[in-house]
Amino acid sequence: MPPGRGLGSGASKKRDPDAVKVLSRFGKTAQQHLQELKDKILEKSGPDLVKDGWTCKLEAGSEDGADSALLIPLFINTDGKTFHSRKAVEKALGLRKSEKGEPQEVEKHAKAEKAERIEKRPAPAPAMSREEAYQKARQAAKKSAESQPVPFKIAHLSGTLTVNNLGKINHDREAFHSSRHLWPIGFRSSWKEKDEVLYESEVLDGATVGKLDIGEIDGPVFMVTIKRAGMKPEEVFGKSPRDAWRKALKVDDVDDRFGFGIEEIKRRIEGLKHSKDCVDYVFLDMRQSKGDEQRRSKDKDRGKSSDKGSKKKFKGPPPRKLTANQARERDRKESKELEAKRIKEDAAAKKKQAAEEAARKKREQQEEERWLSRYPIEDLALEVEAKAMRAEEDRGR
């Protein structure tokens, strides 16, 4: 009998192990499952699992394990630990996303780093004392006097304001200062617009000027002298700088042209002798120091509320190193966010500046109203006196 005859048609052939592929319940081989997992992990900026030595095997998903359709993939890392799903692998690698859309491990590290920055943040500087503010103002005024002595000019509104004399502070009389302003006796400035009309402003002592159309005032009197070419100078008086300028320009809504609202002039006046003895006055640097301290306190409170519980030291693995493309994408995103933040901060600063300007005008208007209504009894006495004099004249006739 010839060899192989009677032993079956396939008896003389060896069985090819790759001829029959074992498939999972999903219709894929173990190698296909591993390749699919590798691609998903790379999409999430994870490592190459195949290069790292991960493997996959198919295991029975039912008790008898007889039907390959019930096989499920098991992923095995280099330590021999098995994972039953892609989600479990992502979680082990720190790539599983939280509700906020950020990797849990990276998010925890970010919170931990932020908590460390808060702990290392230097303590806010204490508020500036009155003596420190006064000495700083004196030094600044001395430097300004050396670089730009009186008289000096400042562009103001639609014209040029010239400060001719800073005057002298009378600290013994409360009427010559408030919490926000100092009115030195003898302060003189001038303002000139394109129409060649010269306006000269001066602070007078009401106790020495006698009777005026605004009554007798034991405090500062604000005088504006209007000088037009070929005409006699005209003098107007007010109980406040704005009141005097309202009369000079003959308009109701007017900005102060004495210069008391200009920061450079305010700082020059703060540097005068006896400014610290005006007990009600608050120096500009003290206002800014107090405002900075309040803002730092608010920022600290916000940081405590938003990062509650984040100061616990994180002991998990650090985030994986980014590839060059991922680093560039991250830098591009951060640059875009910083630009948007800068635009937002600029808009907020402009809005704040406008609000502060509106508040300043409101305070000046309130202060002006207070000055205008400060001496009702004296005004009434003058009116009664005038009536009495007219009555006496009538009787004499």
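(A) Region of the structure containing the overall build of the chain. A count of helices and strands for the chain gives 10 helices and nine strands. The proportion of buried residues among the 397 residues of the chain is 30%. Of the roughly 27000 Å² that the chain leaves accessible, carbon and sulfur atoms contribute 51%.

(B) The arrangement of helix 1 (residues 30–43) in detail. Look at helix 1: 20 Å from first C-alpha to last across 14 residues, which is about the 20 Å you get at 1.5 Å a residue. Looking at the buried side of helix 1, the elements it contacts are strand 1 (55–60), strand 2 (71–76) and helix 2 (86–92). Trailing helix 1 by a residue or two, Ser-45 shows a phi angle of about 65 degrees, which is positive.

(C) Geometry of the packing of aromatic side chains. A complete count under the given rule lists 10 aromatic pairs for this structure. For the ring pair Tyr-199 and Trp-245, a centre distance of 5.1 Å and an interplane angle of 45 degrees mean the geometry is tilted. Here the residue Tyr-199 occupies a position in strand 7 (residues 198–205), and Trp-245 occupies one in helix 6 (residues 241–249), the gap between them amounting to 46 residues. The two residues Tyr-199 and Trp-245 agree in class, both being buried. Put simply, the rings of Trp-183, Phe-187, Phe-222, Phe-258 and Phe-260 pair up and form one aromatic cluster. In this structure, Arg-257 packs its charged tip against the face of Trp-191, placed 4.5 Å from the ring centre. Directly above the ring of Phe-152 sits Arg-268, whose terminal nitrogen or CZ lies 4.2 Å from the centroid.

(D) Quick look at the pairing of strand 2. Counting buried residues in strand 2 gives five out of six residues, a clear majority hidden from the surface. The sheet contact formed by strand 1 and strand 2 spans six bridges and is antiparallel. Among the inter-strand pairings, Thr-55 is bridged to a residue of strand 2, identified as Ile-76. Strand direction decides the pairing type here: strand 2 and strand 3 (residues 82–83), joined by two bridges, are antiparallel. Bridged to Ile-76 within strand 3 is Thr-82. Between strand 2 and the antiparallel strand that follows it, strand 3, lie five residues; Gly-80 among them carries a positive phi value of about 85 degrees.

(E) Main features of the sheet that holds strand 8 (residues 220–227). Taking strand neighbours across the sheet as the criterion, the six strands line up as 4-5-6-7-8-9 in an open arrangement whose pairing is antiparallel. Taken across any chain shown, the strands that pair with only one partner, and hence form the sheet edges, are strand 4 (152–156) and strand 9 (234–238). Going from strand to strand, the sheet's axes swing by 25 degrees on average, the running direction of each strand aside. In the sheet, strand 8 pairs with strand 9 via five bridges, with the strands oriented antiparallel. Looking at strand 9, one finds that Thr-225 is bridged to Glu-235. Its contacts with the sheet place helix 6 against strand 6 (188–192), strand 7, strand 8 and strand 9, and it is angled at close to 145 degrees to strand 9.

(F) Quick peek at unusual backbone geometry. Here Val-150 and Pro-151 are connected by a cis peptide whose omega angle stands at 5 degrees. Phi is positive for Lys-250, which is not a glycine, with a value near 60 degrees. You can see Lys-250 is positioned in the loop between helix 6 and helix 7 (263–270). The exposed category is assigned to Lys-250, whose relative accessible area is 62%.

(G) View of the environment of Lys-81. Residue position: Lys-81 is located in the loop between strand 2 and strand 3. As a C-alpha pair, Lys-81 and Trp-54 span 27 residues in sequence and 10.0 Å in three-dimensional space.

(H) Broad picture of the nonpolar core. Within the largest apolar cluster, 34 residues are counted, with the highest numbers of intra-cluster contacts made by Phe-187, Val-224, Trp-245, Phe-258, Phe-260, Ile-265 and Ile-269. Of all the elements in the fold, those that place two or more residues in this core are helix 4 (130–147), strand 4, strand 5 (159–165), strand 7, strand 8, helix 6 and helix 7. Excluding residues that lie within four positions of it along the chain, Val-224 makes contacts with Tyr-199, Glu-200, Ser-201, Glu-234, Glu-235, Val-236, Ala-244, Trp-245, Ala-248 and Phe-258. Membership of the second largest hydrophobic core comes to 12 residues, among which are Leu-34, Leu-37, Ile-41 and Phe-75.

Conventions and cut-offs
Residues numbered from 1 in each chain as written. Predicted model: local features only at pLDDT ≥ 70, side-chain atom pairs only at ≥ 80, totals over all residues. Heavy atoms only, no water. Helix = DSSP H or I, 4+ residues; strand = E, 2+ residues; numbered from the N terminus. Buried < 20%, exposed > 50% of the residue type's maximum accessible area, 1.4 Å probe, protein only. Areas by Shrake-Rupley, 256 points an atom, 1.4 Å probe, with all protein chains shown as cover. Expected span 1.5 Å × (residues − 1). Contact = heavy atoms within 4.5 Å. Phe/Tyr/Trp six-rings, centres within 6.5 Å; stacked < 30°, edge-to-face > 60°. Lys NZ or Arg CZ within 6 Å of the ring centre and 35° of its normal. Pairing = 2+ DSSP bridges. Axes fitted to C-alpha atoms, helices over the stretch in contact; angles between N-to-C directions. Core = buried A, V, L, I, M, F, W, Y, C linked by side-chain atoms within 4.5 Å.

Nothing here speaks to function; it is geometry throughout.
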